[in-house]
Amino acid sequence: MIFREYYKDYYAKKNYSYARQRYLEALRMDSTLFYVMTYVGQTYGLEGDLDKAMVWYTKAIEANYIDYMAHWFLADAYKIKGNLDKAVD
């Protein structure tokens, strides 16, 4: 799939902004790609914007509650922000 190519080419090269643009394009083509929402969140998290990352992890969880990666990254973000109760939840 097209977004996986961008994952390899841009995410792996730490060009998170460009990778995110491509992920968002993939979501415009198919808004059900919950795991791409997690990838968008990851790009924000790696850039240090935890608030935006958390928004995207939450969207991924709302789209597919069993997306373990979104739960994991959301918990990590809460932990980094010092909210251990929410991280455990």
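As a reminder, the structure under discussion sits directly above these lines.
This is a predicted model, so every value here is computed, not measured.

Peer 1: What am I meant to see in the overall build of the protein here?
Peer 2: Helix and strand counts for the protein come out as six helices and zero strands. By residue count, 39% of the 89 residues in the protein fall in the buried class. In the protein, the share of contacts with a sequence separation of at least 24, taken over all contacts with a separation of at least 6, comes to 42%. For the protein, the accessible surface area stands at approximately 5700 Å², while carbon and sulfur atoms represent 54% of it.

Peer 1: What's the story with the nonpolar core in this structure? I'm lost.
Peer 2: One broad trend across soluble globular proteins is that nonpolar side chains are buried collectively. Among the nonpolar cores identified, the biggest contains 23 residues, and Tyr23, Leu27, Val40, Trp56 and Leu74 are the most heavily contacted of them. Secondary-structure elements contributing two or more residues to this core are helix H2 (16-29), helix H3 (34-46), helix H4 (50-63) and helix H5 (68-80). In this structure, Trp56 is in contact with Leu24, Leu27, Met37, Val40, Gly41 and Tyr44, ignoring residues within four places of it in sequence.

Peer 1: Is there a simple way to explain the packing of aromatic side chains in this structure?
Peer 2: Aromatic rings in a pair are described by how distant their centres are and how their planes are angled relative to each other. A complete count under the given rule lists five aromatic pairs for this structure. Ring centres 5.5 Å apart and planes at 45 degrees place the aromatic pair Tyr23 and Tyr39 in the tilted group. Of this pair, Tyr23 sits in helix H2 while Tyr39 sits in helix H3; the two residues are 16 residues apart in sequence, bridging distant segments of the chain. Overall, the relative accessible area of 0% leaves Tyr23 in the buried class. With centroids separated by 5.3 Å and ring planes inclined at 90 degrees, the aromatic side chains of Phe34 and Tyr35 adopt a geometry described as edge-to-face. Taken together, the aromatic side chains of Tyr23, Phe34, Tyr35 and Tyr39 make up a single cluster linked through ring pairs.

Peer 1: Please explain the environment of Thr38 as it appears in this structure.
Peer 2: Here Thr38 shows up in helix H3. Here the alpha-carbon distance between Thr38 and His71, two residues 33 residues apart in the chain, equals 9.4 Å. Discounting chain neighbours no more than four positions away, the residues touching Thr38 are Tyr57, Ala60, Asp67, Met69, Ala70 and Phe73. Of the polar contacts made by the side chain of Thr38, one reaches the side chain of Asp67; its length is 2.6 Å.

Thresholds applied
Residues numbered from 1 in each chain as written. Predicted model: local features only at pLDDT ≥ 70, side-chain atom pairs only at ≥ 80, totals over all residues. Heavy atoms only, no water. Helix = DSSP H or I, 4+ residues; strand = E, 2+ residues; numbered from the N terminus. Buried < 20%, exposed > 50% of the residue type's maximum accessible area, 1.4 Å probe, protein only. Contact = heavy atoms within 4.5 Å. Areas by Shrake-Rupley, 256 points an atom, 1.4 Å probe, with all protein chains shown as cover. Core = buried A, V, L, I, M, F, W, Y, C linked by side-chain atoms within 4.5 Å. Phe/Tyr/Trp six-rings, centres within 6.5 Å; stacked < 30°, edge-to-face > 60°. Polar contact = N/O pair within 3.5 Å; in protein donor to acceptor, adjacent residues only side chain to side chain.

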